[in-house]
Amino acid sequence: MKSPAVHGIHHITAFAGDPKRNLDFYTRVLGLRLVKKSVNQDAPDVYHFFFADAHGTPGTDLTFFPFNHMSKQKDGWGLVREVSFAVPTGSLAWWETHLKESGLEVQAGITRFDEAVITFRDPDGLRLSLTETTAPREVVLWDRSTVPAEHQLRGFHTVRLGLHTPAPTVALLTQIMGFRGVADDNGWTRYESGAGGSGTYVELAAFPDEPQGRWGVGGVHHVAWRLTDAEEEMALQRVLAQAGLSPTGKIDRFWFESVYFREPNGIVFELATDGPGFHRDEDMDHLGEELILPPWLEPKRAEIEAALPSIG
Ligand code: ZN
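Everything numeric in this text was worked out from a predicted model, so none of it was measured. (Residues numbered from 1 in each chain as written. Predicted model: local features only at pLDDT ≥ 70, side-chain atom pairs only at ≥ 80, totals over all residues. Heavy atoms only, no water.)

Asks: When you look at the pattern of salt bridges in this model, what are you seeing that I'm missing?
Replies: Any two side chains of opposite charge can pair if their charged atoms end up close together. One pass over the structure, following the stated rule, counts 20 salt bridges. Salt-bridge contacts for R28 lead to D24; the nearest nitrogen and oxygen are separated by 3.9 Å. Placement of the pair is R28 and D24 together in helix α1 (residues 19-29), with a separation of 4 residues, close to one helical turn. Since its relative accessible area comes to 48%, R28 is described here as partly exposed. (Salt bridge = Lys/Arg side-chain N within 4 Å of Asp/Glu carboxyl O. Helix = DSSP H or I, 4+ residues; strand = E, 2+ residues; numbered from the N terminus. Buried < 20%, exposed > 50% of the residue type's maximum accessible area, 1.4 Å probe, protein only.)

Next comes the structure, spelled out in C-alpha coordinates:
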(Lines give C-alpha, C1' and ligand atoms only; values in the text may rest on other atoms or scores of the structure.)
Protein backbone atom coordinates (compact mmCIF):
# COMPACT_ATOMS: atom_id res chain seq x y z
CA MET A 1 0.00 0.00 0.00
CA LYS A 2 1.35 3.44 -0.87
CA SER A 3 1.24 5.66 2.21
CA PRO A 4 0.40 9.35 2.05
CA ALA A 5 3.33 11.66 2.75
CA VAL A 6 3.23 14.20 5.57
CA HIS A 7 3.31 17.89 4.61
CA GLY A 8 5.74 19.30 7.16
CA ILE A 9 5.62 20.21 10.84
CA HIS A 10 2.08 20.78 12.20
CA HIS A 11 2.90 21.71 15.81
CA ILE A 12 5.41 20.90 18.53
CA THR A 13 4.44 20.38 22.16
CA ALA A 14 6.83 20.87 25.07
CA PHE A 15 6.94 20.93 28.86
CA ALA A 16 7.33 24.20 30.75
CA GLY A 17 7.59 25.02 34.44
CA ASP A 18 5.78 28.09 35.73
CA PRO A 19 2.82 28.86 33.41
CA LYS A 20 3.03 32.64 33.84
CA ARG A 21 6.71 32.76 32.93
CA ASN A 22 6.01 30.55 29.90
CA LEU A 23 3.15 32.78 28.78
CA ASP A 24 5.25 35.90 29.24
CA PHE A 25 8.24 34.61 27.30
CA TYR A 26 6.44 33.34 24.23
CA THR A 27 4.07 36.29 23.88
CA ARG A 28 6.21 39.19 25.09
CA VAL A 29 9.74 38.15 24.08
CA LEU A 30 9.11 35.95 21.02
CA GLY A 31 6.02 37.96 20.04
CA LEU A 32 3.83 34.96 19.28
CA ARG A 33 0.09 35.06 19.74
CA LEU A 34 -1.57 32.93 22.41
CA VAL A 35 -4.16 31.41 20.05
CA LYS A 36 -5.66 29.02 22.56
CA LYS A 37 -5.67 28.86 26.33
CA SER A 38 -6.93 25.43 27.28
CA VAL A 39 -6.10 22.48 29.52
CA ASN A 40 -4.26 19.20 29.00
CA GLN A 41 -7.14 17.03 27.82
CA ASP A 42 -5.70 14.02 29.66
CA ALA A 43 -4.79 15.96 32.86
CA PRO A 44 -7.12 18.99 33.06
CA ASP A 45 -5.45 20.49 36.17
CA VAL A 46 -2.59 21.53 33.84
CA TYR A 47 -2.86 24.32 31.28
CA HIS A 48 -2.29 23.81 27.60
CA PHE A 49 -1.03 26.97 25.91
CA PHE A 50 -0.85 27.26 22.12
CA PHE A 51 1.51 29.96 20.77
CA ALA A 52 1.40 30.62 17.04
CA ASP A 53 0.99 33.19 14.28
CA ALA A 54 -2.15 35.37 14.18
CA HIS A 55 -4.43 32.57 12.95
CA GLY A 56 -2.81 29.49 14.46
CA THR A 57 -1.74 28.37 10.98
CA PRO A 58 -0.50 24.76 10.97
CA GLY A 59 3.29 24.86 11.04
CA THR A 60 3.54 27.87 13.37
CA ASP A 61 2.26 26.45 16.64
CA LEU A 62 4.48 25.67 19.66
CA THR A 63 2.34 24.41 22.52
CA PHE A 64 3.16 23.86 26.20
CA PHE A 65 2.04 21.89 29.18
CA PRO A 66 3.30 24.03 32.09
CA PHE A 67 3.83 21.70 35.05
CA ASN A 68 4.84 23.63 38.14
CA HIS A 69 6.35 20.64 39.92
CA MET A 70 7.87 18.49 37.20
CA SER A 71 11.63 17.83 37.17
CA LYS A 72 13.90 19.08 34.41
CA GLN A 73 14.50 17.08 31.28
CA LYS A 74 17.42 14.66 31.48
CA ASP A 75 19.28 15.19 28.20
CA GLY A 76 20.24 12.28 26.00
CA TRP A 77 19.22 10.42 22.88
CA GLY A 78 15.57 9.74 22.11
CA LEU A 79 14.58 13.38 22.52
CA VAL A 80 14.04 16.43 20.40
CA ARG A 81 17.32 18.33 20.52
CA GLU A 82 16.22 21.74 19.29
CA VAL A 83 13.28 23.57 17.78
CA SER A 84 14.06 26.13 15.09
CA PHE A 85 11.81 28.95 13.92
CA ALA A 86 12.17 30.68 10.57
CA VAL A 87 12.81 34.43 10.51
CA PRO A 88 13.16 36.71 7.50
CA THR A 89 16.64 37.13 6.06
CA GLY A 90 18.35 40.12 7.64
CA SER A 91 16.50 39.96 10.97
CA LEU A 92 18.93 37.96 13.11
CA ALA A 93 20.84 41.05 14.27
CA TRP A 94 17.58 42.53 15.58
CA TRP A 95 16.74 39.24 17.33
CA GLU A 96 20.18 38.90 18.87
CA THR A 97 19.88 42.34 20.46
CA HIS A 98 16.26 41.78 21.51
CA LEU A 99 16.96 38.41 23.14
CA LYS A 100 20.05 39.72 24.96
CA GLU A 101 18.05 42.71 26.21
CA SER A 102 15.53 40.20 27.50
CA GLY A 103 18.29 38.61 29.58
CA LEU A 104 19.03 35.55 27.43
CA GLU A 105 22.38 34.09 26.47
CA VAL A 106 22.56 33.96 22.69
CA GLN A 107 25.02 32.09 20.43
CA ALA A 108 25.23 34.03 17.20
CA GLY A 109 27.18 33.71 13.96
CA ILE A 110 26.29 30.05 13.38
CA THR A 111 25.93 28.65 9.85
CA ARG A 112 24.06 25.42 9.22
CA PHE A 113 23.15 24.10 5.78
CA ASP A 114 24.36 27.49 4.43
CA GLU A 115 21.75 29.29 6.56
CA ALA A 116 22.43 31.85 9.32
CA VAL A 117 21.31 30.68 12.78
CA ILE A 118 21.29 31.94 16.36
CA THR A 119 20.61 29.62 19.29
CA PHE A 120 19.32 30.26 22.80
CA ARG A 121 17.17 28.62 25.47
CA ASP A 122 13.77 29.56 26.77
CA PRO A 123 13.45 30.30 30.54
CA ASP A 124 12.91 26.57 31.24
CA GLY A 125 15.96 25.48 29.25
CA LEU A 126 14.24 24.44 26.01
CA ARG A 127 16.76 24.69 23.17
CA LEU A 128 15.53 27.05 20.47
CA SER A 129 17.04 28.59 17.39
CA LEU A 130 16.13 31.11 14.74
CA THR A 131 17.11 30.47 11.13
CA GLU A 132 17.11 33.12 8.43
CA THR A 133 15.28 32.14 5.28
CA THR A 134 13.68 33.82 2.30
CA ALA A 135 11.49 30.79 1.59
CA PRO A 136 7.83 31.77 1.15
CA ARG A 137 5.70 30.65 4.08
CA GLU A 138 2.09 30.12 4.97
CA VAL A 139 1.91 32.54 7.90
CA VAL A 140 -0.38 35.34 9.08
CA LEU A 141 1.52 38.12 10.84
CA TRP A 142 -0.02 39.48 14.03
CA ASP A 143 -0.64 43.22 14.18
CA ARG A 144 -0.70 43.23 17.99
CA SER A 145 2.63 41.40 18.41
CA THR A 146 5.40 42.95 20.52
CA VAL A 147 7.73 42.13 17.61
CA PRO A 148 7.70 44.34 14.47
CA ALA A 149 6.15 42.60 11.45
CA GLU A 150 9.42 42.51 9.51
CA HIS A 151 11.06 40.43 12.25
CA GLN A 152 8.19 38.22 13.38
CA LEU A 153 8.68 34.46 13.49
CA ARG A 154 7.43 32.76 10.32
CA GLY A 155 6.65 29.39 11.87
CA PHE A 156 8.89 26.40 12.34
CA HIS A 157 11.94 26.01 10.15
CA THR A 158 13.12 22.60 11.32
CA VAL A 159 13.26 20.27 14.29
CA ARG A 160 16.39 18.40 15.39
CA LEU A 161 16.10 14.86 16.76
CA GLY A 162 18.88 13.30 18.81
CA LEU A 163 18.91 9.54 18.20
CA HIS A 164 20.79 6.46 19.33
CA THR A 165 20.60 4.57 16.01
CA PRO A 166 19.31 6.64 13.09
CA ALA A 167 18.77 3.83 10.51
CA PRO A 168 15.29 2.68 11.59
CA THR A 169 14.12 6.29 12.02
CA VAL A 170 15.45 7.12 8.56
CA ALA A 171 13.58 4.11 7.16
CA LEU A 172 10.34 5.30 8.79
CA LEU A 173 10.77 8.85 7.51
CA THR A 174 11.76 7.96 3.95
CA GLN A 175 9.89 4.71 3.29
CA ILE A 176 6.61 5.42 5.11
CA MET A 177 6.22 9.14 5.87
CA GLY A 178 7.43 10.47 2.51
CA PHE A 179 10.57 12.37 3.59
CA ARG A 180 13.51 12.87 1.19
CA GLY A 181 17.15 13.37 2.15
CA VAL A 182 18.40 16.93 1.54
CA ALA A 183 21.98 17.34 2.82
CA ASP A 184 24.46 16.66 5.62
CA ASP A 185 25.99 19.34 7.80
CA ASN A 186 28.31 18.90 10.77
CA GLY A 187 26.94 15.50 11.83
CA TRP A 188 23.31 16.33 11.11
CA THR A 189 21.29 15.02 8.16
CA ARG A 190 18.36 17.05 6.90
CA TYR A 191 15.22 15.54 5.38
CA GLU A 192 12.25 17.37 3.90
CA SER A 193 8.63 16.41 3.40
CA GLY A 194 5.67 17.53 1.29
CA ALA A 195 6.44 20.54 -0.89
CA GLY A 196 9.87 20.77 0.79
CA GLY A 197 11.72 23.76 2.19
CA SER A 198 11.44 25.69 5.45
CA GLY A 199 8.81 24.22 7.75
CA THR A 200 8.98 20.73 6.24
CA TYR A 201 12.41 19.77 7.55
CA VAL A 202 13.54 17.33 10.18
CA GLU A 203 17.22 16.88 11.07
CA LEU A 204 18.76 13.77 12.62
CA ALA A 205 22.03 13.08 14.42
CA ALA A 206 23.33 10.11 16.43
CA PHE A 207 24.36 10.41 20.09
CA PRO A 208 25.01 6.73 20.95
CA ASP A 209 27.49 7.57 23.73
CA GLU A 210 24.93 9.56 25.70
CA PRO A 211 22.44 7.98 28.06
CA GLN A 212 18.83 7.71 26.98
CA GLY A 213 17.14 11.03 27.70
CA ARG A 214 14.05 11.51 29.83
CA TRP A 215 11.19 13.95 29.43
CA GLY A 216 10.88 16.89 31.74
CA VAL A 217 10.63 20.66 31.97
CA GLY A 218 12.56 22.30 29.15
CA GLY A 219 12.02 19.37 26.82
CA VAL A 220 9.74 18.50 23.94
CA HIS A 221 6.91 16.01 24.43
CA HIS A 222 6.10 15.36 20.78
CA VAL A 223 6.37 16.57 17.20
CA ALA A 224 3.19 16.61 15.13
CA TRP A 225 3.25 16.24 11.33
CA ARG A 226 0.70 17.73 8.96
CA LEU A 227 -1.91 15.70 7.13
CA THR A 228 -4.54 17.38 5.01
CA ASP A 229 -7.54 15.59 6.47
CA ALA A 230 -8.62 12.57 8.50
CA GLU A 231 -8.86 10.35 5.44
CA GLU A 232 -5.20 10.96 4.58
CA GLU A 233 -4.25 10.67 8.25
CA MET A 234 -5.94 7.29 8.68
CA ALA A 235 -4.43 5.95 5.45
CA LEU A 236 -1.00 6.70 6.92
CA GLN A 237 -2.10 5.32 10.29
CA ARG A 238 -2.90 1.97 8.64
CA VAL A 239 0.53 1.78 7.03
CA LEU A 240 2.18 2.60 10.38
CA ALA A 241 0.16 -0.17 12.01
CA GLN A 242 1.19 -2.66 9.32
CA ALA A 243 4.81 -1.67 9.92
CA GLY A 244 4.44 -2.59 13.60
CA LEU A 245 4.61 0.96 15.00
CA SER A 246 1.41 0.57 17.07
CA PRO A 247 -0.19 3.96 16.31
CA THR A 248 -3.23 4.99 18.34
CA GLY A 249 -6.59 5.31 16.68
CA LYS A 250 -7.85 8.74 15.68
CA ILE A 251 -8.18 11.02 18.72
CA ASP A 252 -10.43 14.08 18.46
CA ARG A 253 -8.45 17.11 19.70
CA PHE A 254 -11.33 19.36 18.63
CA TRP A 255 -9.11 21.83 16.72
CA PHE A 256 -7.55 18.94 14.78
CA GLU A 257 -7.61 15.14 14.78
CA SER A 258 -4.60 13.24 16.01
CA VAL A 259 -2.83 9.90 15.88
CA TYR A 260 0.19 9.18 18.12
CA PHE A 261 3.03 6.69 17.89
CA ARG A 262 6.70 6.41 18.85
CA GLU A 263 9.35 6.43 16.18
CA PRO A 264 12.00 3.68 16.58
CA ASN A 265 14.32 5.80 18.81
CA GLY A 266 11.45 6.55 21.19
CA ILE A 267 10.46 10.09 20.21
CA VAL A 268 6.68 10.61 20.19
CA PHE A 269 5.30 11.60 16.80
CA GLU A 270 1.78 12.77 16.17
CA LEU A 271 -0.14 13.02 12.92
CA ALA A 272 -2.49 16.02 12.96
CA THR A 273 -5.03 17.27 10.45
CA ASP A 274 -4.86 20.83 9.13
CA GLY A 275 -8.42 21.55 10.25
CA PRO A 276 -10.86 22.41 11.68
CA GLY A 277 -8.52 24.98 13.32
CA PHE A 278 -8.48 27.28 16.33
CA HIS A 279 -11.34 29.48 15.18
CA ARG A 280 -13.75 26.55 15.56
CA ASP A 281 -14.77 27.76 19.02
CA GLU A 282 -13.50 31.38 19.21
CA ASP A 283 -13.71 34.39 16.97
CA MET A 284 -10.39 34.97 15.14
CA ASP A 285 -10.13 38.47 16.74
CA HIS A 286 -10.38 37.05 20.25
CA LEU A 287 -8.37 33.84 20.13
CA GLY A 288 -6.74 32.89 23.42
CA GLU A 289 -8.49 35.44 25.61
CA GLU A 290 -10.71 33.00 27.53
CA LEU A 291 -10.08 29.56 28.97
CA ILE A 292 -11.47 27.21 26.34
CA LEU A 293 -12.49 23.67 27.16
CA PRO A 294 -13.42 21.04 24.62
CA PRO A 295 -17.19 20.32 24.82
CA TRP A 296 -16.73 17.09 26.77
CA LEU A 297 -14.88 18.91 29.59
CA GLU A 298 -17.25 21.93 29.69
CA PRO A 299 -19.57 20.35 32.32
CA LYS A 300 -16.56 20.27 34.72
CA ARG A 301 -15.52 23.91 34.10
CA ALA A 302 -15.89 25.18 37.69
CA GLU A 303 -13.85 22.31 39.08
CA ILE A 304 -11.18 22.65 36.36
CA GLU A 305 -10.83 26.42 36.79
CA ALA A 306 -10.46 26.04 40.56
CA ALA A 307 -7.60 23.55 40.15
CA LEU A 308 -5.55 25.58 37.65
CA PRO A 309 -2.62 27.71 38.89
CA SER A 310 -2.99 31.50 38.82
CA ILE A 311 -1.49 33.23 35.79
CA GLY A 312 -2.95 36.69 36.45
ZN1 ZN B 1 0.13 17.48 19.74
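Asks: What is the right way to read the sheet that holds strand β7 (residues 115-121) from this model?
Replies: Each strand in a sheet pairs with its neighbour through backbone hydrogen bonds, running either in the same direction (parallel) or in the opposite one (antiparallel). Ordered by their spatial adjacency, 8 strands build an open sheet running β6-β7-β8-β5-β9-β12-β11-β10, and the pairing between neighbours is mixed. Looking along the sheet, the strands with just one partner apiece sit at the ends: β6 (107-112) and β10 (180-185). Sheet twist, expressed as the mean angle between neighbouring strand axes with direction ignored, is 30 degrees. Strand direction decides the pairing type here: strand β5 (residues 79-88) and strand β8 (residues 127-133), joined by 6 bridges, are parallel. Bridged to V87 within β8 is E132. The strands that helix α3 (residues 166-176) touches are β9 (156-163), β11 (188-192) and β12 (201-206); relative to β12, the one it contacts most, it runs at about 165 degrees. (Pairing = 2+ DSSP bridges. Axes fitted to C-alpha atoms, helices over the stretch in contact; angles between N-to-C directions. Contact = heavy atoms within 4.5 Å.)

Asks: Is there a simple way to think about the coordination of the zinc ion in this case?
Replies: In an ideal tetrahedron of four donors about a metal, each angle is 109.5 degrees. In an ideal octahedron of six donors, the angles are 90 or 180 degrees. Taken together, H11 (NE2), H222 (NE2) and E270 (OE) make up the protein donors of the zinc ion, found 1.9 to 2.0 Å from the metal. Read in sequence order, the donor residues for the zinc ion give the motif H-x210-H-x47-E. Here H222 is found in strand β13 (residues 220-227), whereas its partner E270 is found in strand β16 (residues 268-273), with 48 residues between them in sequence. (Donors = N, O, S within 2.8 Å, 3.2 Å for Na, K, Ca; no water.)

Asks: Would you take a moment to explain α3 for this structure?
Replies: Every α-helical turn comprises 3.6 residues, leaving residues that sit three or four positions apart pointing alike. Taken together, the buried positions of α3 are occupied by T169, L172, L173 and I176. Taken down its axis, α3 places every buried residue within 120 degrees of arc, on the same side. The exposed residues of α3 that point more than 90 degrees off its buried face are A167 and Q175. Remark: G178 follows α3 within two positions and exhibits a positive phi of approximately 85 degrees. (Arc of directions from axis to C-beta.)

Asks: I keep staring at a negative patch on the surface and nothing clicks. Help me out?
Replies: A cluster of like negative charges, contributed by D283, D285, E289 and E290, occupies part of the molecular surface. In this fold, E290 is placed in the loop between β16 and α5 (301-307). The exposed category is assigned to E290, whose relative accessible area is 53%. (Patch = residues over 30% accessible without salt bridge, like charges linked within 9 Å, V, L, I, M, F, W, Y side chains within 5 Å. Areas by Shrake-Rupley, 256 points an atom, 1.4 Å probe, with all protein chains shown as cover. Lys, Arg positive; Asp, Glu negative; His and termini not counted. Charge placed at Lys NZ, Arg CZ, Asp CG, Glu CD.)

Asks: What am I meant to see in the side chain of T57 here?
Replies: By the secondary structure assignment, T57 is in the loop between β3 (43-52) and β4 (61-66). We classify T57 as buried; its relative accessible area is 9%. Within the structure, T57 has its side chain in polar contact with the side chain of D53 (distance 2.6 Å). Residue contacts for T57: discarding those within four places in its chain leaves E138 and V140. (Polar contact = N/O pair within 3.5 Å; in protein donor to acceptor, adjacent residues only side chain to side chain.)

Asks: I would appreciate a short explanation of the packing of aromatic side chains in the present structure.
Replies: Aromatic rings in a pair are described by how distant their centres are and how their planes are angled relative to each other. Tallied over the full model, the rule gives 19 aromatic pairs. An angle of 90 degrees between the planes, with centres 6.4 Å apart, marks the rings of F256 and F278 as edge-to-face. Of this pair, F256 sits in the loop between β14 (251-252) and β15 (257-262) while F278 sits in the loop between β16 and α5, and the two are 22 residues apart along the sequence. You can call F256 buried: its relative accessible area is 6%. Taken together, the ring pairs in this structure connect F25, Y26, Y47, F49, F51 and F64 into an aromatic cluster. Sitting over the ring of Y201, R190 keeps its end group 3.8 Å from the ring centre. (Phe/Tyr/Trp six-rings, centres within 6.5 Å; stacked < 30°, edge-to-face > 60°. Lys NZ or Arg CZ within 6 Å of the ring centre and 35° of its normal.)

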